[in-house]
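Now for the letters of each chain:
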Amino acid sequence: MKRIELIPSESKGKINRNIYGHFSEHIGGVFYDGLWVGEDSEIPNYGGFRKSIVDAMREIKPPVLRWPGGCFAETYDWRDGIGPRDKRPVTLNWWYNNDKRTESNQVGTHEFVRLCRLIGAEPYFAANITSTTPIEIRNWMEYCNAPEKLTSLAAARGDNGDAQPFAVKYWGIGNENWGGGGNMTPEMYARRYIQYATVCNIRFNDEKYIACGANAGDVAWTNRFMAEFRNAAPLYALAFHYYCGSAGDPLKFTEAEWYQMLDKAAVMDSLIKRHRSAMRTYDPDGRIKIIVDEWGCWHPGGSGPSKGYNLFEQQSTVRDAMVTALTLNIFNDHCDIVDMANVAQLCNNLHCLFLAGGDKMTVTPTYHVFKMFKGHQDARHIFCAGEKDGLTISASEKDGKYTITAGNLSYNKTEELKISLFGGKLNGKANVTVLTHEDPHAHNTFDEPDKVHPVTSVIDIGDDTVYTLPPASITLIEIA
């Protein structure tokens with residue numbers, strides 16, 4: 001039996017709700033036939049966005065949604081996505097060489113902001129510095145955020161249907177500039193960031209500028225960027241990306257590959273510590289936050305319902321749900337460092353929450369984890385002491401309720417868990433929600449959309465209560 005003690009007096013502070021953020025790139029089927037079906041579609045929609053996905057997103061309280069890339073941003077011209085849709089250009093996008101699909105620009109700035117409003121998320125724009133100039137990004141900011149009719153660009157926004165400003169707060173200045181975003185050195189990117197952030201430094205809405213961080217464990221990038229940057233321009237956060245890759249077939253993995261995948265996901269903990277350590281020399285007070293802009297599993301494509309038509313589309317199994325729980329618990333326990341994280345991606349792609357096509361849609365096991373963990377958003381982190389081997393666990397408190405999320409990492413062994421409260425007693429009732437399946441390879445399909453789903457029960461509890469955690473399971477315990 002494992003014993004965990006909650007210590008409310010020890011906390012790393014508030015868990016920023018933005019840790020539970022999402023990413024939506026114009027790649028493969030994420031938008032077109034995923035999120036976007038068009039206003040004239042027979043598929044139920046809100047202004048062109050698939051109603052079933054919007055309704056499901058509202059249930060998990062998404063805090064932020066990043067757009068339009070990713071690598072798509074490297075060649076994106078924001079002006080292609082405004083004005084009457086029937087007059088917008090059809091263009092090649094970054095991913096054309098991979099799937100020969102063009103970009104219709106039916107979803108642009110106005111449509112995306114409306115999607116964010118529909119689901120209750122803050123928009124986060126990833127701006128292109130690889131193939132455009134600083135003034136174009138400044139113009140996009142002005143178009144989005146300038147008060148009504150203040151400038152010609154603000155008036156143009158009104159002419160296109162939105163007189164009031166969009167109040168876009170988060171702006172990424174570049175994306176993966178160590179790779180497809182220009183193959184820059186850290187020093188080269190730092191100088192470019194300073195140039196862009198200086199020119200674009202207009203303040204309508206407490207805009208926050210985010211710099212391109214490292215690829216996974218490249219701490220040298222962080223060190224060299226910080227050494228060159230030296231606080232020469234506004235900077236809210238440094239954003240690194242980490243995909244834990246794959247281990248075996250996404251649907252037919254072995255027991256050994258189950259653990260290999262979880263080991264890869266657990267690396268996130270050391271990455272956060274190492275990048276923060278590198279930043280500390282130049283930012284000892286932690287003023288510059290860390291964001292994990294893109295994270296998740298990256299399995300070989302083709303396992304999703306489109307059978308390879310949608311680029312990088314893959315199924316999400318119980319194993320992917322466990323990676324999600326493990327990663328979110330790590331973010332919770334580093335809430336004093338990590339200010340935002342965006343799982344990649346939202347629909348029909350990597351580590352997605354939704355699979356959709358035609359009139360069909362299903363949520364994935366990963367979606368259920370986000371729904372189960374939403375009680376941590378903006379809650380006060382609580383330290384958990386005790387025996388954690390074989391478990392991932394985190395706890396928080398908000399509005400007089402404890403939220404405890406525990407994953408049994410074992411492929412085939414049941415764990416028993418006893419939870420106590422330091423300096424107090426746990427009494428009354430608890431809501432206990434368990435997400436698991438007897439087969440760790442289980443996943444949801446259009447034909448079996450509820451094959452993997454959480455089950456909730458209400459139990460009487462005390463200090464001697466023992467919680468049974470089935471193999472390969474994720475458990476939410478809510479105690480008033």
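My aim in this report is to walk through the structure given alongside it, one point at a time. (Residues numbered from 1 in each chain as written. Predicted model: local features only at pLDDT ≥ 70, side-chain atom pairs only at ≥ 80, totals over all residues. Heavy atoms only, no water.)

A short note on the overall build of the protein
For the protein, the helix and strand inventory stands at 10 helices and 23 strands. For the protein, the C-alpha radius of gyration of 22 Å lies close to 23 Å, the compact-globule estimate for 480 residues. With the principal axes as the frame, the protein shows a C-alpha extent of 65 × 55 × 40 Å. Here the protein, with 480 residues, has 59% of them falling under the buried criterion. (Helix = DSSP H or I, 4+ residues; strand = E, 2+ residues; numbered from the N terminus. Rg over C-alpha atoms; globule rule 2.2 N^0.38 Å. Buried < 20%, exposed > 50% of the residue type's maximum accessible area, 1.4 Å probe, protein only.)

Points about the pattern of salt bridges
Between side chains of opposite charge, a pair can form when the charged atoms approach closely. Taken as a whole, this structure holds 21 salt bridges when the rule is applied. Arg17 is the salt-bridge partner of Asp378, the closest N and O atoms lying 3.9 Å from each other. With Asp378 in the loop between helix H10 (365-373) and strand S16 (380-386) and Arg17 in the loop between strand S1 (2-7) and strand S2 (21-23), this pair connects stretches of sequence that are 361 residues apart. Through salt bridges with shared partners, a single network forms among Glu39, Arg85, Arg88 and Glu111. (Salt bridge = Lys/Arg side-chain N within 4 Å of Asp/Glu carboxyl O.)

Thoughts on empty space enclosed by the protein
All told, the structure shown has 3 cavities of 30 Å³ or more when counted by the stated rule. The wall of the largest cavity is formed by 16 residues, among which Arg66, Gly174, Cys212, Ala239 and Asp293 lie closest to the centre. Listed by contribution, the elements that provide at least two residues to the lining of the largest cavity are strand S8 (122-127), strand S9 (170-173), strand S10 (208-215) and strand S11 (237-245). Of the residues belonging to the lining of the largest cavity, the class tally is 8 nonpolar, 5 polar and 3 charged. Here the second largest cavity is characterised by a volume of approximately 50 Å³. In terms of lining residues, the second largest cavity is bounded by Leu35, Phe49, Arg50, Ile53, Val54, Met57, Leu115, Ile119 and Leu346. (1 Å grid on protein atoms, 1.4 Å probe; cavity = no way out; pocket = protein on both sides within 12 Å on 5 of 7 lines; lining within 4 Å. Points joined across faces, edges and corners; volume = space filled by probe spheres on them. Nonpolar A, V, L, I, M, F, W, Y, C, P; charged D, E, K, R; others polar.)

Some points on the packing of aromatic side chains
Evaluation of the coordinates by the stated rule reveals 31 aromatic pairs. Taking 6.0 Å as the distance between ring centres and 35 degrees as the angle between the ring planes, the aromatic pair formed by Tyr170 and Tyr236 counts as tilted. Highlighted residues: Tyr170 in strand S9 and Tyr236 in the loop between helix H7 (219-229) and S11, separated in sequence by 66 residues. The exposure classification of Tyr170 matches that of Tyr236, with both residues buried. Here the aromatic rings of Trp258 and Tyr411 are separated by 5.7 Å at their centres, their planes lie at 70 degrees, and the arrangement is edge-to-face. You can see Trp258 sitting in helix H8 (residues 255-280) and its partner Tyr411 sitting in the loop between strand S18 (401-408) and strand S19 (415-421), a full 153 residues away along the chain. No difference in accessibility class separates Trp258 from Tyr411, as the two residues are buried. Chaining the aromatic ring pairs together yields one cluster made of Trp67, Phe72, Tyr76, Trp78, Phe112, Phe125, Trp140, Tyr143 and Trp171. Positioned over the ring face of Phe23 is Arg66, at 4.6 Å from the centre of the ring. Residue placement shows Arg66 over the ring face of Tyr124; its charged tip is 5.7 Å from the ring centre. (Phe/Tyr/Trp six-rings, centres within 6.5 Å; stacked < 30°, edge-to-face > 60°. Lys NZ or Arg CZ within 6 Å of the ring centre and 35° of its normal.)

Details of the packing of helix H6 (residues 186-199) against H7
For the pair H6 and H7, the least separation of the axes is 8 Å and the interaxial angle reads 45 degrees. What the angle tells us is that H6 and H7 run oblique. For the crossing formed where H6 meets H7, the hand is right-handed. Contacts between H6 and H7 involve Pro186, Glu187, Tyr189, Ala190, Arg191, Tyr193 and Ile194 on the former and, on the latter, Trp221, Arg224, Phe225, Glu228 and Phe229. Of the residues belonging to the contact of H6 with H7, the class tally is 8 nonpolar, no polar and 4 charged. (Axes fitted to C-alpha atoms, helices over the stretch in contact; angles between N-to-C directions. Parallel < 35°, antiparallel > 145°, perpendicular 65-115°, else oblique. Left-handed = near helix turned anticlockwise from the far one by under 90°. Contact = heavy atoms within 4.5 Å.)

Observations concerning the layout of surface pockets
To find leftover empty space, a probe the size of one water molecule is rolled over the atoms. Taken as a whole, the largest pocket holds about 350 Å³ of empty space. Lining the largest pocket are 17 residues, with Asp269, Ile330, Asp333, Lys388 and Ile393 sitting closest to its centre. Looking at the lining of the largest pocket, the elements with two or more residues in it are H8, helix H9 (318-333), S16 and strand S17 (391-398).

A few points about unusual backbone geometry
The linkage connecting Gly69 with the following residue, Gly70, adopts the cis geometry, with an omega of 5 degrees. Examined against the element boundaries, Gly70 turns out to sit in the loop between strand S5 (64-67) and strand S6 (91-92). A positive phi angle, close to 55 degrees, is found at Ala167, a residue other than glycine. Following the sequence through the fold, Ala167 ends up in the loop between helix H5 (152-159) and S9.

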